[in-house]
Amino acid sequence: MAGESGVLIICETDPSGELRSITGELLAAARTLADSMSGESVSAALIGRGVAAKAQEVIALGADTVYVVDDPIFEHYLSETFVPAAIAVREQANPKVILIGHTPNGRELGPSLGFRLDTGVSTDTTEVNIDPSSGGLVAARSLAGGLFRQVTAFNRLPHVATVHMKAYDAAEPDAARTGQVVNVDASVDASQAQTRFVSHTEVAVEGIRMEDARIVITGGRGLGSSEAFDDLTKLADMTGGAVGATRAAADSEYCGQDIMIGITGRVVSPEVYLAIALSGASQHMAGCSGSKNIVAINRDPEANIFKESRFGVVGDYQQVLPAFIEELENLGTA
Amino acid sequence: MHIIVTVKQVPDPEAPQSSFTVDRAAKKVVVASSVPSTVSDMDVYATEAALLVKDVVPDTTVSVLSLGDSHVMDVVKRPLAMGADALYLVQDAELAGGDAMAIAHALAAAIRKIGPFDLIMAGRQSADLDQGIVATGVAMLLGVPVMTNAVRVAMNGDAIQIDRIVDDGIDTIEAKLPAVVTVSNELGQPRYATMRGIMAARRVDPTVWSRADLETLESSEALTTPVDLFEPEKSSNVEIIEGENAADAGRLLAQRLRTERLI
């Protein structure tokens, strides 16, 4: 296909049909790219069941054209149905760049789409830019668990990148923005499907959802026991925060795997990230480096976490933390 | 049933960070010779997933396939010591250093040469590059479905069923065989190698191929160009809160965070 132009993003919706926050983040990234492509346009693929009503919201967040693929077959994500749908949109939008969230589904969709389109993919991309000389995408990502940064250019169009969650801040929705809505018939034949959706199980979250919390309190292997995690939960309850863990702590079974933060866990960017008895290995930092204020308690003054922190206390958490909690109780609610 | 597990040998990511440096001109990570090699952690979980299927499906063979240029036998035989049956090595520096597309092509060609398969299992991403691309590519090139990030695998009749973690819970999905499944660490602790497994692994002679042996290898030009590789600068300006003792420092930290309206 010749004449490629602009940026296409793939929206994500939750089971109730609401746009996921990654959609706004991708639109913000796409807007920046399109503006540096001398004002080319941003389009969005909205694929799902009953999602057409959300098109205006996608426009308000920065899209110029929304391609709606609305069919009961897209109620649940399966690569086998979403890849042809994304390809159908790509054929109409003909973008230079395709941005997809590096989410559980996006990290499957991105490479699948790349291979189907016979083009390169950058995954878990933390920064996207347009190279002024080539006009093409350059994508930066972490490597070796965050130790190094790698910048990649692409040899064929379209250029596909999955974008790290929370790497971009969504724009405030502008209800006055106008755009075009185009319905696309992806005509996916489900009778030939090799994969099948069986069921979805909601996992109940105690307290506040980690990704939404203003404060995240994370414990590392240095906590030494599951009882110590109870203290973190107490602190979380006091401060309206959520509790997280490093992979080392989860693998030591001090807590569940579901609260693991890092390159193989969840990604958070709270206002305050309280890192307790964790060293700050790059694999962990990949999940929290977007935090606004990291506060570290660790007895090793050389621990990497101090290099990433705004405030720190060097000391054994078993002495530091009870006094910290007690003082917060004395100070009362903020 | 025939399961092929793709396994990558990587420098031990637990080695001190100072053992890893960058040759910025060559855009390559340089690993100190003292760093031992290991099986990429997610591939150990993939091996476990394959063995869980083998545990319940009679007459299952698990083959291990690894592409690289300096295989250490004790490392790539670890899946065999856990209970896998056969080992195929593709040894080629140029292939191993290629981009994700080139590696997927090479693995797909090797799998075709190994013969018919029912399942391919791989770790969700490698411990050195963290890309999570290759297994999906292998599925696309072989024309079979792919399901990624499995945290549970089970046979359901003649289909493979998996649980995968999604944003607000767990999706259960399944695929007809043959299929590719990538596995995540939430699967649970992989089994240890047994003494009997280690002895059996020693007796296995790997099948070793080079690029020239992969006659079906499609030529594939690189789809990406490395532009830069560097160590991000960390500007450390941490304010260490000190007190008369650790508890006092904890109190002062609480006060400081309150003053800053952070907590």
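Residues numbered from 1 in each chain as written. Chains lettered and ligands numbered in written order. Predicted model: local features only at pLDDT ≥ 70, side-chain atom pairs only at ≥ 80, totals over all residues.

### Description of the overall build of chain B
Alright, step 1. Across its full length, chain B holds eight helices and 15 strands.
Alright, step 2. Here chain B holds 263 residues, and 47% of them are scored as buried.
Alright, step 3. In chain B, of all internal contacts separated by at least 6 residues, the share reaching a separation of at least 24 is 71%. (Helix = DSSP H or I, 4+ residues; strand = E, 2+ residues; numbered from the N terminus. Buried ≥ 20, exposed ≤ 12 C-beta atoms within 10 Å, placed from the backbone. Contact = placed C-beta atoms within 7 Å.)

### Concerning the domain arrangement of chain A
Residues and elements named next belong to chain A.
Alright, step 1. Domain annotation of chain A identifies domain 1 (7-192) and domain 2 (210-331).
Alright, step 2. Centre-to-centre separation of domain 1 and domain 2, based on C-alpha positions: 33 Å.
Alright, step 3. Listed by partner, the interface residues are six residues for domain 1 and eight residues for domain 2.
Alright, step 4. Class assignment of the residues belonging to the side of domain 1 that touches domain 2 gives a composition of two nonpolar, three polar and one charged. (Domains from an automatic or database assignment. Nonpolar A, V, L, I, M, F, W, Y, C, P; charged D, E, K, R; others polar.)

### A closer look at the sheet that holds strand E1 (residues 2-6) of chain B
Alright, step 1. Judged by pairing direction, the sheet is mixed, and its ten strands sit side by side in the order E10(A)-E11(B)-E10(B)-E9(B)-E12(B)-E8(B)-E1(B)-E6(B)-E7(B)-E13(B) without closing on themselves. The sheet is open, and its two borders are formed by strand E10 (195-202) of chain A together with strand E13 (207-209) of chain B, each paired with just one other strand. Between one strand and the next, the sheet's axes are offset by a mean angle of 30 degrees, whatever the strand orientation.
Alright, step 2. Sheet analysis places strand E9 (residues 146-156) of chain B next to strand E12 (residues 179-183) of chain B, joined by three bridges and oriented parallel. Bridge pairing links Val146 of chain B to Val180 of chain B in E12 of chain B.
Alright, step 3. With respect to the sheet, helix H5 (residues 100-114) of chain B is in contact with E1, strand E6 (61-68), strand E7 (86-91), strand E8 (119-123) and E13 of chain B, its orientation differing from that of E6 of chain B by roughly 145 degrees. (Pairing = 2+ DSSP bridges. Axes fitted to C-alpha atoms, helices over the stretch in contact; angles between N-to-C directions.)

### Quick notes on the pairing of strand E1 (residues 7-10) of chain A
On any regular strand, side chains alternate: one points to one face of the sheet, the next to the other face.
All names here are of chain A.
Alright, step 1. Burial along E1 is two-sided: Val7 and Ile9 and Leu8 and Ile10, pointing in opposite directions, are all buried.
Alright, step 2. As paired strands, E1 and strand E4 (residues 97-101) are joined by three bridges and run parallel to one another. Opposite Val7, over in E4, you have Val97 as the bridge partner.
Alright, step 3. The parallel pair E1 and strand E2 (residues 42-48), bridged by helix H1 (residues 21-36), forms a crossover whose chirality is right-handed. (Right-handed = clockwise from strand over helix to strand, strands pointing away.)

### Quick look at the interface of chain A and chain B
How big an interface is tends to be reported as the loss of accessible area on association of its parts.
Alright, step 1. Counting from both sides, the interface comprises 73 residues of chain A and, opposite them, 67 residues of chain B.
Alright, step 2. Looking at the side of chain A that touches chain B residue by residue, the classes come out as 31 nonpolar, 25 polar and 17 charged.
Alright, step 3. The pairing of strand E15 (residues 311-314) of chain A with strand E15 (residues 239-240) of chain B spans two bridges and is parallel. From the neighbouring strand, Gly312 of chain A faces E15 of chain B, where its bridge partner is Ile240 of chain B.

### Digging into the domain arrangement of chain B
Alright, step 1. Looking at the assigned domains, one finds that chain B contains domain 1 (2-213) and domain 2 (234-263).
Alright, step 2. Placing a centre on the C-alpha atoms of domain 1 of chain B and another on those of domain 2 of chain B gives a separation of 45 Å.

### Looking at the confidence of the model for chain B
Alright, step 1. Overall, the predicted model of chain B reaches an average pLDDT of 93, with 97% of residues at or above 70.
Alright, step 2. Interface predicted TM-score (ipTM) for the complex: 0.91; the corresponding pTM is 0.89. (pLDDT = per-residue confidence, 0-100.)

### Section: the nonpolar core
Alright, step 1. Of all hydrophobic cores here, the largest spans 183 residues; its most connected members are Ala45, Leu46, Leu99 and Ile276 of chain A together with Leu107, Met121 and Val181 of chain B.
Alright, step 2. In terms of residues, this core owes the most to one element, H5 of chain B, which gives eleven residues.
Alright, step 3. If sequence neighbours within four positions are ignored, Leu107 of chain B has contacts with Thr6, Leu65, Leu67, Val134 and Val138 of chain B. (Core = buried A, V, L, I, M, F, W, Y, C linked by C-beta atoms within 7 Å.)

### Structural notes on the sheet that holds strand E9 (residues 180-183) of chain A
Alright, step 1. Ordered in space as E9(A)-E3(A)-E2(A)-E1(A)-E4(A)-E8(A)-E5(A)-E6(A)-E7(A)-E14(B), the ten strands form an open sheet in which the pairing is mixed. Each of the sheet's edge strands pairs with one partner strand only, and the pair in question is E9 of chain A together with strand E14 (224-230) of chain B. Between one strand axis and the next, the sheet turns by 30 degrees as a mean value, whatever way the strands run.
Alright, step 2. By the bridge criterion, five bridges tie strand E5 (residues 121-130) of chain A to strand E6 (residues 137-143) of chain A in an arrangement that is antiparallel. Opposite Thr125 of chain A, over in E6 of chain A, you have Arg141 of chain A as the bridge partner.

### Brief notes about the packing of helix H4 (residues 106-116) of chain A against helix H6 (residues 134-142) of chain B
Alright, step 1. Running from amino to carboxyl end, H4 of chain A crosses H6 of chain B at an angle of 45 degrees, the nearest separation of the two axes being 9 Å. The angle between the axes of H4 of chain A and H6 of chain B places the two elements in the oblique class. Viewed along their axes, H4 of chain A and H6 of chain B form a crossing whose handedness is right-handed. Residues Glu108, Pro111, Ser112, Phe115 and Arg116 of chain A of H4 of chain A lie in contact with H6 of chain B, whose contacting residues are Thr136, Gly137 and Met140 of chain B.
Alright, step 2. Of the residues that constitute the contact of H4 of chain A with H6 of chain B, the class distribution is three nonpolar, three polar and two charged. (Parallel < 35°, antiparallel > 145°, perpendicular 65-115°, else oblique. Left-handed = near helix turned anticlockwise from the far one by under 90°.)

### A closer look at the packing of helix H8 (residues 317-331) of chain A against helix H8 (residues 246-259) of chain B
Alright, step 1. Running from amino to carboxyl end, H8 of chain A crosses H8 of chain B at an angle of 40 degrees, the nearest separation of the two axes being 7 Å. One element, H8 of chain A, and the other, H8 of chain B, form an angle in the oblique class. Crossing hand, H8 of chain A versus H8 of chain B: right-handed. Where H8 of chain A approaches H8 of chain B, its residues Gln319, Val320, Leu321, Ala323, Phe324, Glu327, Leu328 and Leu331 of chain A are matched on the opposing element by Ala246, Ala247, Ala249, Gly250, Arg251, Leu253, Ala254, Gln255 and Arg258 of chain B.
Alright, step 2. Its residues assigned to classes, the contact of H8 of chain A with H8 of chain B comprises eleven nonpolar, three polar and three charged.

### Structural notes on the environment of Ala228 of chain A
Residues and elements named next belong to chain A.
Alright, step 1. Positionally, Ala228 belongs in helix H5 (residues 226-239).
Alright, step 2. Separated by 92 residues in sequence, Ala228 and Val320 place their C-alpha atoms 13 Å apart.
Alright, step 3. Excluding residues within four positions of it along the chain, Ala228 makes contact with Gly219 and Leu223.

### Overview of the environment of Tyr67 of chain A
Residues and elements named next belong to chain A.
Alright, step 1. As for its placement among the helices and strands, Tyr67 is situated in strand E3 (residues 65-70).
Alright, step 2. Among the residues examined, Tyr67 registers 28 C-beta atoms within 10 Å and is labelled buried.
Alright, step 3. Each C-alpha atom, one on Tyr67 and one on Leu113, is 17 Å from the other, the two residues being 46 residues apart in sequence.
Alright, step 4. In contact with Tyr67, not counting residues within four places along its chain, are Ser43, Ala44, Ala45, Leu46, Val89, Gln92, Ala93, Val182 and Val184.

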